[in-house]
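Coordinate inspection notes
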Amino acid sequence: MSYIFAYLNITPLMRECRYFIFLIIFLFSTLPIQAQNDTNKAKHTDTLAIKPADTQKTIKVLSVIKHEPKREFRGMWIATVVNIDWPSSANLPVDRQKSELLALLDMAHSAGINAIMLQVRPAADAFYAKSMEPWSRWLTGKQGIGPDPAYDPLEFAITEAHKRGMELHAWFNPYRATFDGNFKSLCSCHITNQVPGWFFTYGGIKLFNPGIPDVRDYIIKVIMKVVDNYNIDGVHMDDYFYPYSIPGQRINDDQAFHAYAGDFTDIKDWRRNNVDLLIQALGDSIHSHKPFLKFGIAPFGIWKNARQDPEGSETTGGNSYYELYADTRKWLQEGWIDYVAPQLYWNMGYHLASFDKLVDWWSDNTYGRHLYIGQAPYRAFEPHSYAYHRPIELPNQIRYLRDNDRVQGSIFFSANSLMKNPLGWTDSLRTNFYKYPALPPPMDWLDSIGPNVPKNLVAKINVKSVSLSWQTPDLAEDKEPVYGYVIYRFNVTDTVDLDNPKYILHIQYNADTQYTDDTVERNKHYIYVVTALDRMKNESDPTPEVNVSTN
């Protein structure tokens, strides 16, 4: 039997009792886990889910990576539903909300993370002020009531992420309207009360009916209001389209099928087309409003199994195509999305759905779009996830990703797990795998024109620092203004190599034309160069070198 769980394997009945949720999260307990078959799925619920039992198979240590890549997407999910990651509980004072978020961002920055996926719409509600929908109860304790004193959590998060050289992707759950069956707690302004005919109830919760054209239009309007009003770097969606199958229940969308089927005779094909229509229209809308904005999906880790379709992966498990009516591979083929982040929450060598086999399959099926792998440090806290109790599991996964040049990075679920530093993994990111900064990989299909070179780099030697200043470069051919800069520092004996990230001193996402290096040492000779970035992180050529002696 398949269940939708909150954070660590919590059943729907337990999910309706928030006290139980928080207690179990606190204790890191879990329900027994059974081997997965076609109807049992490991999935990232923003909350996370049933996980298959891990194999005891020993995995050999992969070859050591010589150096880190300069271009790599290093993401982290921050889930807000049922206060999984942030805020730690509903109705915290605003100052406490802000301090908790800053602590997560500081931890992420220290660990080398360069992109945050912040859940801003968990259940047809909002963690932002400029919204068509009510404030989330997981922010203030009661749906429709805003923070007091007033502030905009999304605006705050964007500003603080950019200060730390991190992108901020707004994470939306498109079709979930409620998280539990306590419908009486919904405010009168909630869309389920405003237009009740748009929803069906499944698994005890209300879900938007994707087959109704007005529903798709509404969801696009909700997301585009964020696109137009906030300085986000991307729009991000997870694996919730049509609901995960629950034995004994059926999706009540026959009426919509009869009304809107058109030429479709198979309701399953019609459902898949409904999701296709949303993804295509949303991608077109995002890029027409802001061509530099990234649109990505984090689907369930299996598209199809090979026994269902020869084009599928060598796995035996649930899948997005037949069960969620989400043809994620098609979206890549058609170029409707810019990146895919499949949730590969299984270990290397797992006999039903091996991490390494799925990485290989996805890397063969991205059709030129970016592939970021969803990884699961949270599983180190699960008593029965034995493979993740081995300190070598996550390092081997990272090494495997970096050995495949068709993989551009990964995203970790989730922030609280990294904060808890499972098996020293967060420390390992900071001191080893992510020791040096990295720029997100560019997306040539959106923008392939880099900025011009910054002008007139000058260094001033202070008592304990070196102050750099330069002038804004001329506009590039595409007339796009400069978005940020990268400052490099070399010792006088070093080869000036901009491909090696160890020489990156600072990455900034603002147009300031000055930087103070307060890490210099006395009696040293340094070489500085500066490059410019555009919004897509295309990089200019470097300035002429400036030599500095701190005698």
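Here the residue numbering is sequential within each chain, running from 1 through the sequence in written order. This being a predicted model, a pLDDT of at least 70 is required before a residue's local features are given, and a value of 80 or more before pairs of side-chain atoms are given or counted; all residues contribute to the totals for chains, interfaces and linings. For side-chain calculations, the full set of non-hydrogen atoms in the structure is used, while hydrogens and water are omitted.

1. Some points on the environment of D239
Helix and strand definitions follow DSSP, with helices as H or I runs of at least four residues and strands as E runs of at least two, each counted in order from the N terminus. Mapped onto the elements of the fold, D239 is located in the loop between β6 (234-237) and α8 (254-260). A sequence separation of 89 residues divides D239 from T328, and the C-alpha atoms of the two residues are 9.8 Å apart. Engagement of the side chain of D239 in a polar contact is seen with the side chain of Y244, the distance being 2.5 Å. A 3.5 Å cut-off defines polar contacts: any pair of N or O atoms within that distance qualifies, except that in protein one atom must be a possible hydrogen donor and the other a possible acceptor, and neighbouring residues in sequence count only when both atoms are side-chain atoms.

2. Here we look at the pairing of strand β7 (residues 294-297)
Neither face of β7 is open: one carries K294 and G296, the other F295 and I297, and all of them are buried. By the convention used here, strands pair only if DSSP detects at least 2 bridges between them. Both β6 and β7 contribute to a ladder of four bridges, which runs parallel. Bridging from a neighbouring strand, H236 pairs with G296 of β7. Pairing of β7 with strand β8 (residues 339-340), which is carried by two bridges, proceeds in the parallel orientation. The cut-offs for exposure are 20% and 50% of the maximum accessible area for each residue type, with area from a 1.4 Å probe on protein chains only; residues under the lower value are buried, those over the upper are exposed, and the others partly exposed.

3. Some words on the packing of aromatic side chains
Think of it this way: a Phe, Tyr or Trp ring, Trp meaning its six-membered ring, pairs with another when their centres are within 6.5 Å, and the plane angle makes it stacked under 30 degrees, edge-to-face over 60, tilted otherwise. Applying the stated criterion across every chain, the model contains 31 aromatic pairs. Relative to F127, the ring of W86 lies with its centre 6.0 Å away and its plane at 50°, an arrangement referred to as tilted. In this pair, W86 sits in the loop between β1 (73-78) and α3 (94-111) while F127 sits in the loop between β2 (115-121) and α4 (137-140), placing the two residues 41 residues apart along the sequence. Each member of the pair, W86 together with F127, is buried. Ring plane angle 20° and centroid distance 5.7 Å describe the contact between W303 and W361, whose orientation is recorded as stacked. With W303 in the loop between β7 and α10 (320-323) and W361 in helix α12 (residues 355-363), the pair connects residues that are 58 residues apart, well separated along the chain. As far as the burial class goes, W303 and W361 line up, both buried. In this structure, R176 packs its charged tip against the face of Y240, placed 5.2 Å from the ring centre. We count a charge as sitting over a ring when the NZ of a lysine or the CZ of an arginine lies within 6 Å of the ring centre and within 35 degrees of the ring normal.

4. Remarks on the nonpolar core
We call a set of buried residues a nonpolar core when its members are Ala, Val, Leu, Ile, Met, Phe, Trp, Tyr or Cys and they connect through side-chain atoms within 4.5 Å of each other. In this structure, I78, I116, L154, F208, I232 and I279 are the most contacted members of the largest nonpolar core, which totals 134 residues. Among the elements that take part in this core, helix α7 (residues 213-229) stands out by supplying nine residues, more than any other. In terms of nonpolar packing, the next biggest core, distinct from the first, is built from 15 residues, L457, W470, Y526 and Y528 among them.

5. A short note on the state of the cysteines
Here, the term disulfide refers to a pair of cysteine sulfur atoms separated by no more than 2.5 Å. Taken as a whole, this structure holds one disulfide when the rule is applied. Residue C187 pairs covalently with C189 via a disulfide, S to S 2.4 Å. On the sign convention where negative is left-handed, the bridge of C187 and C189, at about -80° about the S-S bond, is left-handed. Judged by its relative accessible area of 14%, C187 is buried. By relative accessible area, which is 42% here, C189 ends up partly exposed.

6. Remarks on the sheet that holds strand β15 (residues 514-517)
Strands in a sheet are paired, the pairing made by backbone hydrogen bonds, and the direction either parallel or antiparallel. Spatially, the three strands line up as an open sheet ordered β11-β12-β15, and their pairing is antiparallel. The open sheet has two free edges, formed respectively by β11 (455-461) and β15, since each of these has just one partner strand. Shown here is a sheet whose adjacent strand axes are inclined to one another by a mean of 15°, direction ignored. Of the pairings in the sheet, the one linking β11 to strand β12 (residues 466-471) comprises five bridges and is antiparallel in character. Bridge pairing links K460 to S467 in β12. Every axis corresponds to a line fitted to the C-alpha atoms, with the helix fit spanning only the stretch in contact, and the corresponding angles, defined between N-to-C directions, vary from 0 to 180 degrees.

7. Quick word on the pattern of salt bridges
The salt bridge criterion pairs a side-chain nitrogen of Lys or Arg with a carboxyl oxygen of Asp or Glu, the two atoms within 4 Å. Within this structure, the stated rule accounts for 28 salt bridges. Note that K294 is salt-bridged to E167, the shortest N-O span being 2.8 Å. Remark: E167 occurs in strand β3 (residues 167-172) and K294 occurs in strand β7; sequence separation between them is 127 residues. Residue classification places K294 among the buried residues on the basis of a relative accessible area of 1%. Since its relative accessible area comes to 0%, E167 is described here as buried. Put simply, K357 and E314 hold a salt bridge, and the shortest N to O gap is 3.6 Å. Of the two residues, K357 sits in helix α12 while E314 sits in the loop between β7 and α10, which places them 43 residues apart along the sequence. Through salt bridges with shared partners, one network takes in E167, D233, K294, R535 and K537.

8. Let's talk about the pairing of β6
Burial of the side chains of β6 extends over both faces: G234 and H236 are buried on one face and V235 and M237 on the other. Taken together, the four bridges between β3 and β6 define a ladder with parallel strand orientation. In the strand pairing of β6, F172 is matched with M237.

9. Topic: the environment of W135
Structurally, the position occupied by W135 is in the loop between β2 and α4. Since its relative accessible area comes to 17%, W135 is described here as buried. When the C-alpha atoms of W135 and R121 are compared, they prove to be 9.4 Å apart, with 14 residues separating the residues in sequence.

10. Some details on the side chain of R272
Mapped onto the secondary structure, R272 falls in helix α9 (residues 267-289). What makes R272 buried here is its relative accessible area of 8%. A polar side-chain atom of R272 sits 2.9 Å from the main-chain carbonyl oxygen of Y321. Not counting chain neighbours up to four residues away, the residues in contact with R272 comprise Y321, Y322, Y325 and A326. Between two residues, a contact is recorded if the distance between any of their heavy atoms is within 4.5 Å.

11. Looking at the confidence of the model for the chain
Interpretation of this model should avoid reading the predicted coordinates in detail wherever pLDDT is low. pLDDT expresses how confident the predictor is about each individual residue, on a scale running from 0 to 100. Mean pLDDT over the chain: 90, with 88% of residues reaching 70 or higher. The low-confidence segment residues 1-65, where pLDDT is below 50, has 205 contacts with residues more than four positions distant or belonging to other chains.

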